[in-house]
Amino acid sequence: MVDYHAANNQSSAGGVQTYMEQENDWDRDLLLDPAWERQQRKTFTAWCNSHLRKSGTQIENIEEDFRDGLKLMLLLEVIAGERLPKPERGKMRVHKINNVNKALDFIASKGVKLVSIGAEEIVDGNAKMTLGMIWTIILRFAIQDISVEETSAKEGLLLWCQRKTAPYKNVNVQNFHISWKDGLAFNALIHRHRPDLIDYDSLRKDDPVTNLNNAFEVAEKHLDIPKMLDAEDIVNTARPDEKAIMTYVSSFYHAFSGAQKAETAANRICKVLAVNQENEQMMEDYEKLASELLEWIRRTIPWLENRTQEKTVNDMQAKQEDFRDYRCVHKPPKVQEKCQLEISFNTLQTKLRLSNRPAFMPSEGRMVSDINGAWHTLEGAEKGYEEWILSEIRRLERLEHLAEKFHQKAAIHESWTDGKEAMLTQKDYETSTLSEVKALLRKHEAFESDLAAHQDRVEQIAAIAQELNELDYYDSASVNARCQKICDQWDVLGTLTHNRKDSLERTEKQLESIDELYLEYAKRAAPFNNWMEGAMEDLQDMFIVHNIEEIQGLITAHEQFKSTLAEANKEREAIQSIQAEVQKIAQSNGIKLSGANPYTTITPASIDSKWKKAMDMVPLRDNALQDELNKQNSNDTLRAKFATQANTVGAYIQAKMEEIGRISIEMNGTLEDQLTHLKEYQQTIMSYMPEINTLEGYHQHIQEALIFDNQYTSYTMEHLRVGWEQLLTTIARTINEVENQILTRDAKGISQEQLYEYRASFNHFDKKRSGQMVSEDFRALLISTGNSLGDSEFARIMGIVDPNGSGAVTFQAFIDFMSRETTDTDTADQVIASFKILAADKPFITAEELRRELPPDQAEYCIARMAPYTGPNATPGALDYMSFSTALYGESDL
């Protein structure tokens, strides 16, 4: 049954008296109607027994059993929850009158004015007066305190019935008599609150007795509401007794009011838990995405920091291709993930502020600043890795060029030295004539001249080998071994040359004959031969250039070389004329030449052969230089194309960055209009992506052509990539800020005019137009709104709007603060009060109660997170809902 104690203690004496005076002015003659009197007698008797049974007693005859005042006093104690004066136990009339008077005095103390009802009439068993007194008690303790939408008592009860039965067909509650005759209204009330007890659709309006009995039996069996009416009496009475109907219906109101409070409490808890579950899911998503992004960065940085050198240019170009693939394929999704991570973090913090929850603190090392730091490290590693690859390619190109040059010069030198040791160690001068010895001596002098001429080549070979060592050439061991062999052989040749010269000079005194012509030939042929070999070596020399100026320098040098060919040809003809003169003298004097020129091995045929080879190499050199010039012209065209596109893209990015900066400060229209404009603006930015891709294509062609500098632009691809990524991130961040402002506006109920006012005030005090106010400007803004701020109060406010202590206040933080100051949100105390209702005022709650009152998923959510209750009166399975509610909002709400 219903406990009226709390409601009774809250009513005011004035309001009760006013209503009771109105109701006590009842038409007492109506009670003389036998049908109504019979209905009231049965209803009031059942109503009294529903309360008296709590004390283990009941009444049978309402006018007889209250005559001694004892059960009347007991009824009032049960209903009011208060102790009445001690009753008198005597059997005399005076004792009974005194007891009844104590009961009537108690009723009067509750603000009820009893009209024409005296203790003597109750003691005498006056049925009309007794029923009137019971009706007065019912009005005061069962009906008076009913309040629905600013109406109370009878009107409040009637409005409650109308609200609850409105959705049901064939039910139209307008009063407390004929509206209830068909029984459908009673069944509708039960079905509205306990649809499991009534099959409403099976009821028929033309069968009122069945309808009424069904409602009475269900209420008595399942709702603990005793049967106070007879279906036949109601059906057979033209106008059922209003007081009997009101008494019975009030029992339904009090029976269901507790369930309504529990439903309201459960809805509040569900709302709070839904917000908490959504926030926890966003936190888990942030932690997961942050961990994955940091792990990718952690795995990528060692790869970018790997400086393992390769042996060839092709191997390094393969690494360069892998790096290009990383830049174009693997990194862009991670840039999007990083941007999404910042947006998710900002949205989560906004939702937490709007729901009065503590700010989200990610796990250690997963803050947005940590991710930005790791990202900065990644980009630094990228830059270093790209620079290292380009440097290594240059180094390996240089190494391959030097190695080829080394082996070419070494091969020429080894070819020249082949057989020289055997020549220097022969003893031919011992059996030679004077003229032959002189010839050998002159020949040796020519050899020394030739040897000195080759000294430069040996030094060049040693210098190239040294440079290969310094550049860490991978095959330095074989180069060093070959260089050492050449140097050792060169030392041996020097020693042998010196020894042979000494031997020839010892015998020179005995040999006087010498062929001057042969000697002159040898002296002139040797340097000319060396010149031709040097010329052929230069004509075959490999070259590597990086721009037009360098190749034009080589072409100029080659043209200068060709200009000397006429003089060289004259020298060749002069040398050949010496040999011709020898032949002429021999023929004219009949001298038989013994063989070749004794002073040199250079024959006229070899000179002509080398000259022809050198002349054949000239056009080949011309073609090679012209091909390289064409290549450098092509490279210059690539530079110009890249520079034109880069200058256009760079100017575009810079202009858009400045433009989005202005838009973020000077946005007009509703937030939805601003969001639409920003998204359209974002699409406009994204439509420029083909220009970026075109530039990437030019950049790839430049790298493939091994072009390392560009005098036509100051932009680099890395610079433009970073600028483009910053532009996309800035527009995404600006869109997110407007979305968060919409969330704040909707959650806090801020009007569009208020937002305009906030924006206008913020822009007015944002002196630098940077989208952020320094603390002094913010203080001036608060003062302009009528706030008188002390230092401590202003420090408190700055702690709210600038928790990181940066000294600046963003517009989002400003509207969060203003909305927090002007709106209200759920608190931990409200949630605790809701749980207390579900727990029937206990300091703990059980899992069974949670599962009964809450949806399954949220009930299990609470059970999994509530700690066991260990306080007073703890029972097995008791759960601590107070600590759980406090934890939802953080300790700051305690």
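Because the structure is a prediction, the values reported are computed rather than measured. (Residues numbered from 1 in each chain as written. Predicted model: local features only at pLDDT ≥ 70, side-chain atom pairs only at ≥ 80, totals over all residues. Heavy atoms only, no water.)

This part takes up the overall build of the protein chain. Tallying secondary structure elements over the protein chain gives 33 helices and six strands in all. Within the protein chain, the fraction of its 894 residues that count as buried is 46%. (Helix = DSSP H or I, 4+ residues; strand = E, 2+ residues; numbered from the N terminus. Buried < 20%, exposed > 50% of the residue type's maximum accessible area, 1.4 Å probe, protein only.)

This brings us to the packing of aromatic side chains. One pass over the structure, following the stated rule, counts 32 aromatic pairs. Each ring, one from Tyr286 and one from Phe345, has its centre 5.4 Å from the other, and the planes form 45°; the classification is tilted. Placement of the pair is Tyr286 in helix H13 (residues 242–305) and Phe345 in helix H14 (residues 313–354), with a sequence separation of 59 residues. Looking at Tyr286, the relative accessible area reads 2%, which means it is buried. A network of ring pairs unites the aromatic residues Phe176, Trp180, Phe186, Phe216, Tyr248, Phe252 and Phe256 as a single cluster. Of note, Arg140 hangs over the ring of Phe141, and the distance from its end group to the ring centre comes to 5.2 Å. Sitting over the face of the ring of Trp416, Lys420 holds its NZ or CZ atom 4.8 Å from the ring centroid. (Phe/Tyr/Trp six-rings, centres within 6.5 Å; stacked < 30°, edge-to-face > 60°. Lys NZ or Arg CZ within 6 Å of the ring centre and 35° of its normal.)

The subject of this paragraph is the packing of helix H9 (residues 153–165) against helix H10 (residues 184–193). Where H9 meets H10, the closest approach of the two axes is 9 Å, and the angle between their N-to-C directions is 70°. One element, H9, and the other, H10, form an angle in the roughly perpendicular class. Seen along the crossing, H9 lies across H10 with a hand that is left-handed. Residues Trp160, Cys161, Arg163, Lys164 and Thr165 of H9 pack against Ala185, Ala188, Leu189, Arg192 and His193 of H10. The class makeup of the residues in the contact of H9 with H10 is five nonpolar, two polar and three charged. (Axes fitted to C-alpha atoms, helices over the stretch in contact; angles between N-to-C directions. Parallel < 35°, antiparallel > 145°, perpendicular 65-115°, else oblique. Left-handed = near helix turned anticlockwise from the far one by under 90°. Contact = heavy atoms within 4.5 Å. Nonpolar A, V, L, I, M, F, W, Y, C, P; charged D, E, K, R; others polar.)

Compared with an ideal rise of 1.5 Å per residue, which puts 16 residues at 22 Å, helix H20 (residues 548–563) spans 22 Å between its outermost C-alpha atoms and is within 8% of the ideal. Here H20 has its buried residues at Ile548, Ile551, His558 and Phe561. One face of H20 carries all of its buried residues, which in axial projection span an arc of 145°. For H20, the exposed residues lying more than 90 degrees away from the buried face are Glu549, Gln560 and Ser563. (Expected span 1.5 Å × (residues − 1). Arc of directions from axis to C-beta.)

What follows concerns the pattern of salt bridges. Two side chains of opposite charge can pair, provided their charged atoms sit close to one another. Using the criterion set out here, one finds 49 salt bridges in the structure. For Glu414, the salt bridge goes to Arg482, with nearest N and O atoms at 2.8 Å. Placement of the pair is Glu414 in helix H15 (residues 368–417) and Arg482 in helix H18 (residues 476–508), with a sequence separation of 68 residues. Residue Arg482 is classed as partly exposed on the basis of its relative accessible area, which comes to 23%. Here Glu520 ties to Arg524 by a salt bridge, and the two come within 3.8 Å at their closest N and O atoms. Of this pair, Glu520 and Arg524 both sit in helix H19 (residues 516–540), four residues apart, which is roughly one turn of the helix. The class for Glu520 is partly exposed, based on a relative accessible area of 35%. (Salt bridge = Lys/Arg side-chain N within 4 Å of Asp/Glu carboxyl O.)

With that settled, consider the side chain of Thr600. Take Thr600: it is sitting in the loop between helix H21 (565–589) and helix H22 (604–665). Within polar-contact distance, the side chain of Thr600 engages the backbone nitrogen of Ile602 at 3.0 Å. With near-sequence residues (within four places) excluded, Thr600 lies in contact with Lys443, Tyr521 and Ala522. (Polar contact = N/O pair within 3.5 Å; in protein donor to acceptor, adjacent residues only side chain to side chain.)

Further remarks concern unusual backbone geometry. A positive phi angle is found at Asn170, which is not glycine, with a value near 65°. Position of Asn170 relative to the elements: it lies in the loop between H9 and H10. Here Asn873, not a glycine, exhibits a phi torsion of approximately 60°, which is positive. Looking at where Asn873 falls in the secondary structure, it is placed in the loop between helix H32 (856–865) and strand E6 (878–879). Judged by its relative accessible area of 68%, Asn873 falls in the exposed class.

The share of residues in the protein chain with pLDDT of 70 or more is 89%, and the mean pLDDT across the chain is 81. Note on residues 510–514: pLDDT under 50 across the span, and 16 contacts to partners over four residues away in sequence or across chains. (pLDDT = per-residue confidence, 0-100.)

Before going further, it helps to examine the packing of H14 against H15. Where H14 meets H15, the closest approach of the two axes is 11 Å, and the angle between their N-to-C directions is 170°. One element, H14, and the other, H15, form an angle in the roughly antiparallel class. Along this stretch, H14 crosses H15, giving a crossing that reads as left-handed. Of the residues contributing to the contact of H14 with H15, the split by class is 17 nonpolar, three polar and 12 charged.

This part covers helix H30 (residues 828–838). Note: α-helices contain 3.6 residues per turn, so residues at a spacing of three or four share the same orientation. For H30, the complete set of buried residues consists of Ala828, Val831, Ile832, Ser834, Phe835 and Leu838. End-on, the buried residues of H30 take up no more than an arc of 160°, which puts them together on one face. One or two steps after H30, the chain reaches Ala840, where phi turns positive at roughly 55°.

A few words now on the environment of Arg194. By the element assignment, Arg194 lies in the loop between H10 and helix H11 (208–222). Along the sequence, Arg194 and Leu223 sit 29 residues apart, while their C-alpha atoms lie 9.5 Å from each other. For Arg194, the contacting residues outside a window of four places in its chain are Leu223 and Phe256.

Its location among the elements puts Lys338 in helix H14. Since its relative accessible area comes to 14%, Lys338 is described here as buried. Once you skip the residues sitting within four places of it in the chain, Lys338 turns out to touch Leu293, Asn372 and Trp375.

With that settled, consider the nonpolar core. Counting residues in hydrophobic clusters, the biggest one holds 79 residues, and the most contacted among them are Ile137, Trp180, Phe186 and Phe252. Tallying contributions element by element places helix H8 (residues 127–143) first for this core, with 11 residues. Not counting residues up to four positions away in its chain, the partners in contact with Phe252 are Trp160, Phe186, Leu189, Ile190, Ala219, Leu223 and Ile225. Judged by nonpolar contacts, the second largest core, of 48 residues, contains Phe642, Val649, Tyr715 and Phe765. (Core = buried A, V, L, I, M, F, W, Y, C linked by side-chain atoms within 4.5 Å.)

Below, the discussion takes up the environment of Thr694. In this structure, Thr694 sits in helix H24 (residues 689–704). Given a relative accessible area of 32%, Thr694 falls into the partly exposed group. Sequence-wise, Thr694 and Ala646 are 48 residues apart; in three dimensions their C-alpha atoms are separated by 9.8 Å.

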